[in-house]
Amino acid sequence: MAWRKVVAFQTRNPMHRAHRELTVRAARQRLANVLIHPVVGMTKPGDVDHYTRVRVYQAIMPKYPNGMAHLALLPLAMRMAGPREAVWHAIIRKNYGATHFIVGRDHAGPGKNSRGEDFYGPYDAQTLVTEFKDELAIEMVPFQMMTYIPSLEEYQPVDEVPKGVSTLNISGTELRHRLKTGAAIPEWFSYAEVVKALRESYPPRTKQGFVLFLTGLYNSGKDSIARALQVTLNQQGGRSVSLLLGETVRSELSSELGFSVEDRHKNIQRIAFVSAELSRAGAAVIAAPIAPYERSRAAAREHVLSSAGPGGNFFLIHVATPLDFAEKTDRKGVYARARRGEIKGFTGIGTDDAYEPPKSADLTVDISQQTIPEIVHSIVLLLETNGLI
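Please read all numbers here as calculations on a predicted model, not as lab measurements.

Spatially, five strands are ordered β9-β10-β8-β11-β12 in an open sheet, and the strand pairing comes out parallel. The open sheet has two edge strands with one neighbour each: β9 (241-245) and β12 (363-365). When the angles between neighbouring strand axes are averaged without regard to direction, this sheet yields 15°. With five bridges connecting them, β9 and strand β10 (residues 284-288) associate as parallel partners.

The next subject is the packing of aromatic side chains. When we look at a pair of aromatic rings, we describe it by the centre distance and by the angle of the planes. Here the structure, examined in full by the defined rule, presents nine aromatic pairs. The interplanar angle of 15° and the centroid separation of 5.2 Å between the aromatic rings of Tyr-148 and Trp-188 together place this pair among those described as stacked. Taken as a pair, Tyr-148 in strand β6 (residues 146-149) and Trp-188 in the loop between α6 (172-181) and α7 (192-201) lie far apart in primary sequence, 40 residues in all. Neither Tyr-148 nor Trp-188 differs from the other in exposure class; each is buried. Taken together, the ring pairs in this structure connect Tyr-148, Tyr-155, Trp-188 and Phe-189 into an aromatic cluster. Above the face of the Phe-259 ring, Arg-250 is positioned so that its terminal group lies 4.1 Å from the ring centre.

Of note, Val-7 is situated in strand β1 (residues 6-9). For the pair Val-7 and His-19, spaced 12 residues apart in sequence, the C-alpha to C-alpha distance is 13 Å. When neighbours within four sequence positions are excluded, Val-7 is seen to be in contact with Ala-26, Ala-27, Arg-30, Ala-32, Asn-33, Val-34, Leu-35, His-100 and Ile-102.

This brings us to the side chain of Asp-263. By secondary structure assignment, the location of Asp-263 is in helix α10 (residues 261-280). The side chain of Asp-263 is buried and forms no salt bridge, while Lys-266, the nearest opposite charge, is found at 5.1 Å. A distance of 2.7 Å separates a polar side-chain atom of Asp-263 from the backbone nitrogen of Gly-258. Apart from residues no more than four positions distant in its own chain, Asp-263 is found in contact with Leu-257 and Gly-258.

Let us look at the sheet that holds strand β3 (residues 69-71). Ordered by their spatial adjacency, five strands build an open sheet running β3-β2-β1-β4-β5, and the pairing between neighbours is parallel. Single-partner strands in this sheet number two, and they are β3 and β5 (139-142). Across the sheet, the axes of successive neighbouring strands diverge by a mean angle of 25°, strand direction being ignored. Pairing analysis gives three bridges linking β1 to strand β4 (residues 100-103), with the strands arranged parallel. Of the residues in β4, the one forming a bridge with Phe-9 is Ile-102. The sheet contacts of helix α1 (residues 17-29) involve β1, β2 (33-36), β4 and β5, and relative to β1 the element is tilted by about 155°.

Turning to the packing of α10 against helix α11 (residues 294-307), a few remarks are in order. Following both chains from N to C, one finds α10 and α11 inclined at 25°, their axes separated by 9 Å at the closest point. One element, α10, and the other, α11, form an angle in the roughly parallel class. Handedness of the crossing formed by α10 with α11: right-handed. Contacts from Val-261, Glu-262, His-265, Ile-268, Gln-269, Ala-272, Phe-273, Ala-276 and Arg-280 in α10 reach Arg-295, Ser-296, Ala-299, Ala-300, His-303, Val-304 and Ser-307 in α11. In terms of residue class, the contact of α10 with α11 is made up of eight nonpolar, five polar and three charged.

This part is about the pattern of salt bridges. Scanning the entire structure with this criterion turns up 19 salt bridges. Notably, a salt bridge pairs Lys-222 with Asp-223, separated by 3.4 Å at the nearest N-O pair. For Lys-222, a relative accessible area of 6% corresponds to the buried category. Two residues, Arg-295 and Glu-262, come together in a salt bridge whose shortest N-O distance is 2.6 Å. In this pair, Arg-295 is assigned in helix α11 and Glu-262 in helix α10, connecting sequence segments 33 residues apart. When its relative accessible area of 42% is taken as the criterion, Arg-295 is described as partly exposed.

We now examine the packing of helix α3 (residues 83-95) against helix α4 (residues 124-131). Between α3 and α4, the shortest axis-to-axis distance is 8 Å and the interhelical angle comes to 45°. With respect to α4, the element α3 is oriented oblique. Read as a crossing pair, α3 and α4 show a hand that is right-handed. Residues Pro-83, Arg-84, Ala-86, Val-87 and Ala-90 of α3 form the contact with α4, whose participating residues are Asp-124, Ala-125, Leu-128 and Val-129.

So, on to helix α2 (residues 50-60). Turning to α2, its buried residues are Thr-52, Arg-53, Val-54, Val-56, Tyr-57, Ala-59 and Ile-60. In this structure, the buried side of α2 is in contact with α1, β3 and α7. Two to three positions downstream of the cap, the backbone nitrogen of Tyr-51 sits 3.2 Å from a side-chain oxygen, assigning the N-cap of α2 to Asp-49.

Criteria and thresholds
- Residues numbered from 1 in each chain as written.
- Predicted model: local features only at pLDDT ≥ 70, side-chain atom pairs only at ≥ 80, totals over all residues.
- Heavy atoms only, no water.
- Pairing = 2+ DSSP bridges.
- Helix = DSSP H or I, 4+ residues; strand = E, 2+ residues; numbered from the N terminus.
- Axes fitted to C-alpha atoms, helices over the stretch in contact; angles between N-to-C directions.
- Phe/Tyr/Trp six-rings, centres within 6.5 Å; stacked < 30°, edge-to-face > 60°.
- Buried < 20%, exposed > 50% of the residue type's maximum accessible area, 1.4 Å probe, protein only.
- Lys NZ or Arg CZ within 6 Å of the ring centre and 35° of its normal.
- Contact = heavy atoms within 4.5 Å.
- Lys, Arg positive; Asp, Glu negative; His and termini not counted.
- Salt bridge = Lys/Arg side-chain N within 4 Å of Asp/Glu carboxyl O.
- Polar contact = N/O pair within 3.5 Å; in protein donor to acceptor, adjacent residues only side chain to side chain.
- Parallel < 35°, antiparallel > 145°, perpendicular 65-115°, else oblique.
- Left-handed = near helix turned anticlockwise from the far one by under 90°.
- Nonpolar A, V, L, I, M, F, W, Y, C, P; charged D, E, K, R; others polar.

What follows is the structure in structure tokens.
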């Protein structure tokens, strides 16, 4: 390519119509071409994964005038170092042959500090890059915030819009909400091909996986609830349903583990790992271990929320059936054997094996007070309230 002037655009986010208009405007003002140069390494937690972003970039490239823009991926991890990182990014783009570099508001900023204040000023990065422009040998192009004007059906820089003219914008938070709920994303904001790529990776709530984590004493009824719930969700349809009962997991996944505190914790983390993988694939997961320790349940929740992607929906259900009821209705006589000392480390029997009730359950049920169908219905209502069914 015989390009003499090149405006480089750095991004770690998906691109929409405003980004296309911004880069085209920068190129036209400088009689230049555009290098779309996104980073595809580690970025900020919560960012859209780079596989999805690359599909978005590929979808938006045909929207540029023929021959104006080129897409190249930069295998680089974001440091979120603000102004200094902006200077570093400028050097990298200079080495790639760019003559101009777009620097955004709070470029590579880490956000707020522990006091809730912005770590860097909004234009610190632009100031620092401009200060060293002669040494860098690349011209800084300030990021112009673009806004949509319905009456003109076009984007314009915010500072060029006359006072009183109606404008439209969709924030990143609003976009994530629309993706999550399946709400419409208007054509004026993004291209249909871009939205399609995003929705493939971020399905609406009714298509997302979830984990129902039932915890309670042995014979509290959690296994019966889990089996009945599996039938109900299978009847509902729309998702595969996976059932992870405590005894099944013990025999198939954790057969080498004992019942020490650490072994129990490790068992719950294995359940969390499997649950997160299934949920990420869109499955409904019903896990029903005893899970007696608060730290193990908290770690399981955190793992699903952080690792299951769009399936990071976790609900802790405490089956709070009293010990005396669970023991009285124990047809297998397991509690009696534990009382006689034949079973060591049995949860609920003895002070060393106490069950720690959840501090923040999403739902608490009790089969000594409710029927199984009533409990299943309450769980279904929980899912419905959260938009998952």
